[in-house]
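# Structural description and commentary
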Amino acid sequence: MKTLIIIRENAHSWLRDTFPGQHPLLVRICNKSFLEFLFDFSIIAGAREVRIVSDGDMAEIRDFCHDGGRWGLNISYATIQKSDTITQINNKNRRFYAAERIIVLDNLLFIEFNKNESYTEYLASSHVGMLLSNGQGSVYLDGADQQSILEQCGSSPHISIPELGSLPEYFRLSAEILRQGSRYILPGYSNEDGCYIGRNVVIHKGVEIKKPVIIGNNVQIMPGCVIGPEAVIGSTVIIDRESLVTGSIVMHNTFVGEQLEVKNKIASGNRLMDPATGASLQLVDAHLLSEITSEGTVYEGIVRRLVHVLAALLLFIAQLLPYLFLRPFVGEPVAGGTGHEHKTAQLFNRLSLDRFPQLFRVFSGSLRLIGSQPAVFRYAETEEWPENEMDARIVEQFCTLHSHPFGDIPLLLKALLNRKESKIAAS
Amino acid sequence: MKISSKKLGDYTILSLSGILNASSAPQLKSYLEETDFSGSLIIDLELVDFLDSSGLGILVGIARRKKAANEILKLANLNDRVKKVFEITQAYTLFDIYDEVNAAAE
Amino acid sequence: MKHAISVTLNADIVYTRIASQVAGAAAEVYANEVGITGNIAEFCHAFELSVSESFTNSVRHANHQADGDVTINFFTDANGLTAVVSDTNPEFNPVTPPPDVTLYPEGGYGLFIIHKLMDSISYSRKKDRNILTMTKSAHPPAI
């Protein structure tokens, strides 16, 4: 048994509009892409060989799947024309078809199935032809008809394809997958039913988690929050103190501000969408990608300036001798310190001596010692996990909102100690 | 590069083999000029290990002439490296691509 | 900047395959020695193809200069593997519009392909030579 996935370029355009910048099949539902759920189905059906064909650009899909080794699959690719029918696609992929039974997933986003049931026999013994269709996409059985097993044994396993053509339907399906979590293979660690938690998740004191929930990787939930029931929190998310997220989806790379109530909504970046009404609200303040406004009072500004200059002075005294001693052994400093340099250069960066010349700009008042970009040290460098600019901006957003002149000192120490791990380039 | 052609049913099969780049392109070009390829054509690329834009340009030229003459052109047996060139240039939109010659000739 | 490999070829189209095979081999050694994220065969093919395109362009624009040559250098740094193709031709404009395939163009894909395959590409002119520098990261950032 093999699986052929047909991707038609013009399908699922509502997903492109709602979650722009991503291939529709790579959009996540319950923290896993649609495509990965299709792979799960293929694996459960016993089909480890998958071919993905498309009439459009497959670069994104290829970059995500490669040869499928990550899932234990063997994935190949082929191109088709827009007008190709299933018969023509069969002809074009004859070598792949060989004499096997092929499950054709045509223009599909999602199949409802149950991982505890057996599909192999059912799919192998059904006749060639349309198995399921919802007008948009279909499951079609192709290839050889298995003559030997014409009589079906037992009842057929659960399989259906949901209507999925709008945001409310996406929202409904997400809640359904979450409720029936045991049917699917959901990402994250789960020690009890209905609770899936990813890597590097920090849940602070006084947070209430109500099942069912899914939480992605690199998530911080600040004190006093209530998460769930029925909450899906994506990866790289911070939920600030005393906020409530229930019956909602927080997409990846989102920062949920303080004391917010997110009920039956989808939060994505700085947008808050209401699936019931279709309304979409652009948040200016509390969410990611907003203008960073909180500069505080004039008094706070003076205190901060003073604290930064004093701290920079201390750092200057501490770094002066090591800098003068080590500088001659280091070539042109490489921004960010990528870890590929010579040992001395590594030590140089580890001690943050590469930032030494910038201290003068703190004295002159043109640069902050620590803060959001531009600064000698970035708030993003206080955390170990940011891997790209998006991650970094979330941390900076958070730190800026909570910044306090004296609070910058512990953050500076954190950044200094963290230098070996830091992957973010300095300003 | 090696070039050969044969008949299979209503189709002419043009089989290419080797490297299809700027230095072998002229050879293919003159072969195409000397031989009559009117009618339905399948180009079998099974033995082409490497193709760059010079090779692609010739294939696109054939596709244009076939389209103008309202004749059928199919490509067959592209390896992953060759497929990649069609994908990044979007040239795949101009060709019907099969993974086997016999299926293409049906 | 240390040149790990340097090859100079006559600006003659018959050497296209040599240029691209050297590139493929350099990429293979790099990928195996340093280790890369992703598929090694694809990484090598990207260099093989990009250098093939670049060498072909260099020879095409050489206008039969008798003593024209094309030099290809490879070096590595923290960013990844870099190939530098330089020739003695007149200055050219490295900014070309992407080909519109619906018009069935027979050429003009070269630089477009290099842009698609490499993570960064830059053009400069030094000492009467065109210098095309292309780098592919060993560890491209995850999507």
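Residues numbered from 1 in each chain as written. Chains lettered and ligands numbered in written order. Predicted model: local features only at pLDDT ≥ 70, side-chain atom pairs only at ≥ 80, totals over all residues. Heavy atoms only, no water.

## With respect to the overall build of chain C
Spelled out, the test is: For the purposes of this entry, the term helix denotes a DSSP run of H or I that reaches at least four residues, the term strand denotes a run of E that reaches at least two, and both are numbered from the N terminus. Only C-alpha atoms enter the radius of gyration, while the globule expectation follows 2.2 Å times N to the 0.38, with N the number of residues. Each residue is placed in one exposure class: buried if its accessible area under a 1.4 Å probe, protein chains only, is under 20% of its type's maximum, exposed if it is over 50%, and partly exposed if it falls in between. The contact definition used throughout considers only heavy atoms, calling two residues in contact when any of these lie within 4.5 Å. Note on areas: Shrake-Rupley with a 1.4 Å probe; residue coverage comes only from the protein chains shown. The convention is simple: Lys and Arg are positive, Asp and Glu are negative, and His and the chain ends are not counted. Here the site of a charge means NZ on Lys, CZ on Arg, CG on Asp, or CD on Glu.
Within chain C, the regular secondary structure consists of three helices and five strands. The order of α-helices and β-strands along chain C, N terminus first, is β-α-α-β-β-α-β-β. On C-alpha atoms alone, chain C measures out to a radius of gyration of 15 Å, which is about the 15 Å that the 2.2 N^0.38 rule sets for 143 residues. Burial statistics for chain C: of 143 residues in total, 48% are counted as buried. For chain C, contacts bridging at least 24 residues in sequence account for 65% of all contacts bridging at least 6. Carbon and sulfur atoms form 53% of the exposed surface of chain C, whose accessible area is close to 7300 Å². Measuring between centres, the 9 positive side-chain charges of chain C sit 5 Å from its 15 negative side-chain charges.

## Examining empty space enclosed by the protein
Residue and element names in this part refer to chain C. Rules: Cavities and pockets were defined on a 1 Å grid built from protein atoms only: a cavity is a group of points that admits a 1.4 Å probe but offers it no way out, a pocket is an open group of points flanked by protein on both sides within 12 Å along at least five of seven lines, and a lining residue is one with an atom within 4 Å of any such point. Grid points are joined across faces, edges and corners, and a volume is the space filled by probe spheres set on the points. Amino acids outside the nonpolar list (Ala, Val, Leu, Ile, Met, Phe, Trp, Tyr, Cys, Pro) and the charged list (Asp, Glu, Lys, Arg) are all regarded as polar, and Gly is one of them.
For the coordinates displayed, the defined rule picks out five cavities of 30 Å³ or more. Considering only enclosed or pocket space, the largest cavity measures out at about 110 Å³ in volume. Along the wall of the largest cavity there are 14 residues; nearest its centre are Ser 54, Asn 57, Ser 58, Asp 87 and Phe 92. At the level of elements, helix H2 (40-60), strand S3 (80-87) and strand S5 (129-137) are the ones that each hand at least two residues to the lining of the largest cavity. Taken together, the residues of the lining of the largest cavity break down into six nonpolar, seven polar and one charged.

## Here's the deal with the pairing of S3(C)
All names here are of chain C. Just so we agree on the cut-off: DSSP-based pairing: two strands are paired if at least 2 bridges between them are found.
Taken across its eight residues, S3 has eight buried, putting it largely inside the fold. In terms of strand pairing, strand S2 (residues 69-77) meets S3 through eight bridges, oriented antiparallel. Residue pairing across strands places Ile 72 opposite Val 85, the latter belonging to S3. Between S2 and the antiparallel strand that follows it, S3, lie two residues.

## Some words on a negative patch on the surface
To be explicit about the condition: Like charges are joined within 9 Å and nonpolar side chains (Val, Leu, Ile, Met, Phe, Trp, Tyr) within 5 Å, but only among residues with over 30% relative accessible area and no salt bridge; these make up the patches. Salt bridges are identified by distance alone: a Lys or Arg side-chain nitrogen within 4 Å of an Asp or Glu carboxyl oxygen.
Taken together, A:Asp57, A:Glu60, A:Asp63, A:Asp67, B:Asp80 and C:Glu42 make up a surface patch of like negative charges. Mapped onto the elements, A:Asp57 comes out in the loop between strand S4 (49-54) and helix H3 (59-65). The class of A:Asp57 is partly exposed, set by a relative accessible area of 33%.

## A word on the interface of chain B and chain C
This is how it is decided: Buried area is understood as the total, over both parts, of accessible area removed when two parts are fitted together, assessed with a 1.4 Å probe. Any N or O atom pair separated by 3.5 Å or less is treated as a polar contact, with the protein-specific requirement of one donor-capable and one acceptor-capable atom, and with residues adjacent in sequence counted only for side-chain atom pairs.
Every contact between the two is made by 26 residues of chain B and, on the other side, 22 residues of chain C. Between chain B and chain C, roughly 2100 Å² of surface is buried when both sides are summed, and carbon and sulfur atoms account for 64% of that area. For chain B, the biggest contributors to the area lost against chain C are B:Phe50, B:Ser53 and B:Ile88; these three give 24% of the whole. Summed over the shared surface of chain B and chain C, the number is two salt bridges. Notably, a salt bridge pairs B:Arg64 with C:Glu106, separated by 2.9 Å at the nearest N-O pair. Across the contact surface, chain B and chain C share five residue pairs in polar contact (both at pLDDT 80 or more).

## Focus on the packing of helix H1 (residues 16-34) of chain C against H2(C)
Residues and elements named next belong to chain C. Note the following rule: Inter-axis angles, ranging from 0 to 180 degrees, are taken between N-to-C directions of lines fitted to C-alpha atoms, where helices are fitted over the stretch in contact. Should an angle fall under 35 degrees it is called roughly parallel, over 145 degrees roughly antiparallel, and 65 to 115 degrees roughly perpendicular, with every other angle called oblique. By convention the crossing between two helices is left-handed if the near helix lies anticlockwise of the far one by an angle smaller than a right angle, and right-handed if it lies clockwise.
Running from amino to carboxyl end, H1 crosses H2 at an angle of 150°, the nearest separation of the two axes being 8 Å. By the angle between their axes, H1 is roughly antiparallel relative to H2. In the crossing of H1 with H2, the sense of the turn from one axis to the other is right-handed. Taken together, the residues of H2 that come into contact with H1 (itself represented by Thr 16, Arg 17, Ala 19, Ser 20, Ala 23, Gly 24, Ala 27, Glu 28, Tyr 30, Ala 31 and Asn 32) are Ile 40, Phe 43, Cys 44, Phe 47, Glu 48, Val 51, Ser 52, Phe 55 and Thr 56.

## Quick notes on the UniProt feature "domain: STAS" (unreviewed entry) in chain B
Basically, it comes down to this: UniProt positions are given in the numbering used here, feature names are shortened, and annotations may be inferred rather than shown by experiment.
The UniProt entry lists residues 1-106 of chain B under the feature "domain: STAS" (unreviewed entry), expressed in the numbering used here. With 38% helix and 34% strand, residues 1-106 of chain B has end C-alpha atoms that lie 28 Å from one another.

## Examining the sheet that holds strand S20 (residues 254-256) of chain A
Residue and element names in this part refer to chain A. With parallel pairing, four strands are arranged side by side in an open sheet as S11-S14-S17-S20. Since the sheet does not close on itself, it has two edges, and those belong to strand S11 (201-203) and S20, each with one partner. Ignoring strand direction, the axes of neighbouring strands in this sheet form an average angle of 0°. Note that strand S17 (residues 237-239) and S20 share three bridges and pair parallel. Among the inter-strand pairings, Ile 238 is bridged to a residue of S20, identified as Phe 255.

## Observations regarding the packing of helix H1 (residues 25-34) of chain B against helix H2 (residues 53-68) of chain B
All names here are of chain B. In the contact formed by H1 and H2, the axes pass within 9 Å of each other and the chain directions differ by 20°. What the angle tells us is that H1 and H2 run roughly parallel. Judged by the sense of rotation from one axis to the other, the crossing of H1 with H2 is right-handed. Contact residues: Ala 25, Leu 28, Lys 29 and Leu 32 in H1; Ser 54, Ile 58 and Ile 62 in H2. Taken together, the residues of the contact of H1 with H2 break down into five nonpolar, one polar and one charged.

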